[in-house]
Amino acid sequence: MGDMTVNARLQEQSYRDFVQRVLNDIRALEMMIEEGWFESGVRRIGAEQELFLVDEGRRPALCAAEVLKTLDDEHFTNELATFNLECNLDPMLFEGRALRSMEEQLVGFVQKARASAASHGADVALMGILPTLRMSDLSLASMTPHPRYELLNSALNAMRGGAYRFNILGLDSLSFEHDNVMVEACNTSFQIHFQVGPDEFAHLYNVAQLVAAPLVAVSAFSPTLLGRRLWHETRIALFEQSVDTRKATGHLRERASRVSFGSDWVRDGGVSELLQEDVMRFRALLGADTSEDSVAKVRAGEIPKLKALRIHTGTVYRWNRPCFGVTDGRPHLRIENRALPSGPTPIDAMANAAFWFGLISGISSEYADVPTRFEFARAKANFYRAAQRGLDAALEWPDGRTWTAQDLVKERLLPMAREGLLHKNIDAGDVERYLGVIEQRVDRKRTGSLWLLTSLDSMGDSGSWSEQMGAITSAAIAREKTGAPVSEWPLATMNECTDWKHSYHRVEQYMTTDLVTVEEDEPVELVARLMDWKKIRHVPVEDGQHHLVGLVSHRELMRTLLERGADARTIPVRDIMKRDIITVRPTSRTLDAMHLMDEHTVACLPVVKEDRLVGIITERDYMFIAKDLMLSQFSDEPEVDPMA
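This is a predicted model, so every value here is computed, not measured.

So, on to the pairing of strand β16 (residues 330–337). Counting buried positions over the 8 residues of β16 gives 6, a clear majority of the element. The pairing of strand β9 (residues 190–196) with β16 spans 5 bridges and is classified as antiparallel. Residue pairing across strands places Gln195 opposite Arg334, the latter belonging to β16. Alignment of strand β15 (residues 320–327) against β16, held across 8 bridges, turns out to be antiparallel.

Take the packing of aromatic side chains next. Inspection of every chain in the model, using the stated rule, returns 18 aromatic pairs. Taking the centre distance of 6.2 Å and the plane angle of 75° together, the rings of Phe194 and Trp356 count as edge-to-face. Of the two residues, Phe194 sits in strand β9 while Trp356 sits in helix α10 (residues 346–366), which places them 162 residues apart along the sequence. Taken together, a centroid distance of 5.6 Å and an interplanar angle of 35° make the contact between Phe261 and Phe376 tilted. Taken together, the positions of Phe261 in the loop between β12 (259–260) and α7 (271–281) and Phe376 in helix α12 (residues 376–389) put the pair 115 residues apart, joining distant regions of the chain. Each member of the pair, Phe261 together with Phe376, is buried.

Looking now at the state of the cysteines. As enumerated under the stated definition, the model contains 0 disulfides in all. Here Cys63 is not cross-linked by a disulfide; its sulfur's nearest cysteine counterpart is in Cys87, at 16 Å. Assessed through its relative accessible area of 10%, Cys63 is described here as buried. Free cysteine Cys186: the closest other cysteine sulfur is in Cys63, separated by 17 Å.

A few words on the packing of helix α5 (residues 201–219) against α12. At a minimum axis separation of 8 Å, α5 and α12 run at an interaxial angle of 15°. When the axis of α5 is compared with that of α12, the two are roughly parallel. Both α5 and α12 take part in a crossing whose hand is left-handed. Each of Gln209, Ala212, Ala213, Val216 and Ala217 in α5 lies in contact with α12, whose residues at this interface are Phe376, Asn382, Phe383, Ala386 and Ala387. Across the contact of α5 with α12, the residue classes tally to 8 nonpolar, 2 polar and no charged.

This part covers the confidence of the model for the chain. The predicted coordinates ought not to be read in detail in places where the model reports low pLDDT. Chain-level pLDDT for the chain is 88 on average; 91% of the residues reach the 70-or-more range. This stretch, residues 6–10, has a pLDDT under 50; its non-local contacts, to residues over four places away or in other chains, come to 25 contacts. Low pLDDT (under 50) marks residues 248–254, which in the prediction has 2 contacts with non-local residues, meaning those over four places away or in another chain.

What follows is about α5. Of all the bends found along α5, the most pronounced is centred on Ala212 and spans about 40°, while Pro214, a proline, follows it within four residues. Most of α5 sits out of view: 18 of its 19 residues are buried.

With that settled, the discussion passes to unusual backbone geometry. Between Gly343 and Pro344 the backbone carries a cis peptide bond, its omega angle lying at 0°. In this structure, Pro344 sits in the loop between β16 and α10. The phi angle at Arg58 is positive, at roughly 65°, despite the residue not being glycine. Here Arg58 is to be found in the loop between β2 (44–54) and α2 (64–71). In this structure Arg58 comes out as buried when scored by relative accessible area, which is 14%. At Lys535, a position not held by glycine, the phi torsion is positive, near 55°. For Lys535, a relative accessible area of 61% translates into the label exposed.

Let us now look at the pairing of strand β19 (residues 538–542). Within β19, 5 of the 5 residues are buried, which leaves the element mostly enclosed by the surrounding structure. Inspection of the sheet shows β19 paired to strand β20 (residues 548–553) by 5 bridges, in the antiparallel sense. Its bridge partner lying in β20, Glu542 is registered against Leu548. The turn linking β19 back onto β20 is made up of 5 residues, and His546 within it adopts a positive phi angle of 65°.

What follows covers the side chain of His75. As for its position among the elements, His75 is in the loop between α2 and β3 (76–78). Taking relative accessible area as the criterion, His75 reaches 18% and is therefore assigned buried. Reaching out from His75, the side chain makes a polar contact with the side chain of Asp90 at a distance of 2.9 Å. Residues contacting His75, with those up to four places away along its chain left out, are Glu86, Cys87, Asn88, Asp90, Gln105 and Phe109.

For the rest of this paragraph, the subject is the nonpolar core. The biggest cluster of nonpolar side chains holds 171 residues, and the ones touching the most others in it are Leu53, Phe355, Trp356, Phe357, Ile363 and Trp451. For this core, the element with the most residues is α5, which contributes 14 residues. Within the second largest apolar cluster, 13 residues are counted, among which are Val527, Met531, Val573 and Met577.

Here the focus is the side chain of His538. With respect to the helices and strands, His538 occurs in strand β19. Overall, the relative accessible area of 16% leaves His538 in the buried class. Non-local contacts of His538, meaning those with residues more than four positions away in its chain, are made with Met531, Leu551, Val552, Ser553, Ala603, Cys604 and Ile616.

Attention shifts here to the pattern of salt bridges. Applying the stated criterion to the full structure yields 42 salt bridges. For Glu292, the salt bridge identified is with Lys297, shortest N-O distance 3.7 Å. In this structure Lys297 comes out as partly exposed when scored by relative accessible area, which is 25%. Each of the salt bridges in this network shares a partner with another, and the network as a whole consists of Arg58, Arg114, Asp123, Glu480 and Lys481.

What counts and how
- Residues numbered from 1 in each chain as written.
- Predicted model: local features only at pLDDT ≥ 70, side-chain atom pairs only at ≥ 80, totals over all residues.
- Heavy atoms only, no water.
- Buried < 20%, exposed > 50% of the residue type's maximum accessible area, 1.4 Å probe, protein only.
- Helix = DSSP H or I, 4+ residues; strand = E, 2+ residues; numbered from the N terminus.
- Pairing = 2+ DSSP bridges.
- Phe/Tyr/Trp six-rings, centres within 6.5 Å; stacked < 30°, edge-to-face > 60°.
- Disulfide = S-S within 2.5 Å.
- Axes fitted to C-alpha atoms, helices over the stretch in contact; angles between N-to-C directions.
- Parallel < 35°, antiparallel > 145°, perpendicular 65-115°, else oblique.
- Left-handed = near helix turned anticlockwise from the far one by under 90°.
- Contact = heavy atoms within 4.5 Å.
- Nonpolar A, V, L, I, M, F, W, Y, C, P; charged D, E, K, R; others polar.
- pLDDT = per-residue confidence, 0-100.
- Bend = angle between axes of the 7 residues up to and from the residue.
- Polar contact = N/O pair within 3.5 Å; in protein donor to acceptor, adjacent residues only side chain to side chain.
- Core = buried A, V, L, I, M, F, W, Y, C linked by side-chain atoms within 4.5 Å.
- Salt bridge = Lys/Arg side-chain N within 4 Å of Asp/Glu carboxyl O.

Okay, structure coming up:
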């Protein structure tokens, strides 16, 4: 989360002073390393679990403040959105039964969060991206009311100088614009920490970078966003774009994103190399009162807080991020892995963590110098291929071969991870417990993402996409409560969908977004052909910027053809389109839209957001809803003997 005590945007305080404090903190950290202050030879592990709060309809529940108050536990804290929470696990020495102890604590925290949420009519979902999220959930009304988040949003908006643009291509494609940072709240993760010594930091960090790709491939659980099937780990693309402050220019210039895999291996500079790059490449976003002279404190034999440095690095989101902390009066360094999604279950999360811990320990001894064995660009390409394709990703490896992620994990990496864990004296039974979960996932080819995508495929055309996403979410929550790993989950089915009322509360939940449109200067014959080919009765007319300018109905088309005959085919659409159009917003209530159609005697309603066409609803859609309503009501009534 970073330091929460920011109190001003940098344009409202001395930017130069803050940057000097950051530089001073880096120098203080280097002095502590040079003088041997940092703990070395000690391994600790830790984790942070992020989660979604959902209502009975499996939609985001904006009750984080109330749940936190009921929890009354310092392990839990806010996140960006009021439908998210985070719990911080206690650090543990990496030995013996540490993995099992961490799992037990994680299970206890999730159960505690679920019980607290239940007292407020909500539940907990451990998913990388909640399938039932809608654009309307991502407004500032859902933001946690804390100065840090408000200032972060303002600073990012000012630096971008325009809308956030998202373009993700997967099985489907998704392209949209948004006006605030809340898209970041779509992501929840299981962030794991591994303590390392200063002298070994560069080597172990490089190993963490090397193994990031197969780790993402085997742990993926974020394949959908806003009803679209995208990457197996869509969080990677989404997070990188959600806080991207880069602006387009007329010249080719290489600039880094604030969320990134990095630009090169770490060399002789160790952790300082990464911190220096964060200062060189990224302008500070937030400021705070940082009167501490960290260098003077080190010279006086005191450990500084490095507050300015923490604030700045807290806005640079590497997938493997260096962290500084103090335990029992000794400073230490950690590598934080941020690429793992939340869930699907605590045992799945701990299996992912065990696999990562084991790989860092196992590969570090086999590959003594990663930069000489493998090009950084290949490791980076591996990472994004794994996020896109999951276990089917083709990954290059330092052995000179190209493997599928599935084969690489099973044949090469699981044995290395097992050896690495056993070498660190991790309980042998626990090693088999957690790596067995990974092995079963690979053997059955059943990651969280593959379970979700296969479930969607099995549903076919049954129900609307809103119902399907509701069924998926309900099924995931129910299966998570059993404690069984995702590789053992049966597929989700449509009968697990929540009550129809929750699937059709707002227009955006059932509107058609796969639109066929024309522009006003195109010939009427094109409209006729589109209606025939697509079996539709309404064609919206939009301009080049997707602003809605008119609508052509089947009735108006037929009238024109009857009156003008063959000559009608070549006249422009503008001559027959209706310009005075009744529209609704995506967030409009379903019942309000139905009343509008009835009141104005229209058969369809274009759906617009900021004057741009985003969807359409028709009488046919309402017939579909009415059918579900009738079936729902009949199923709730007791059976009656028709002869009574």
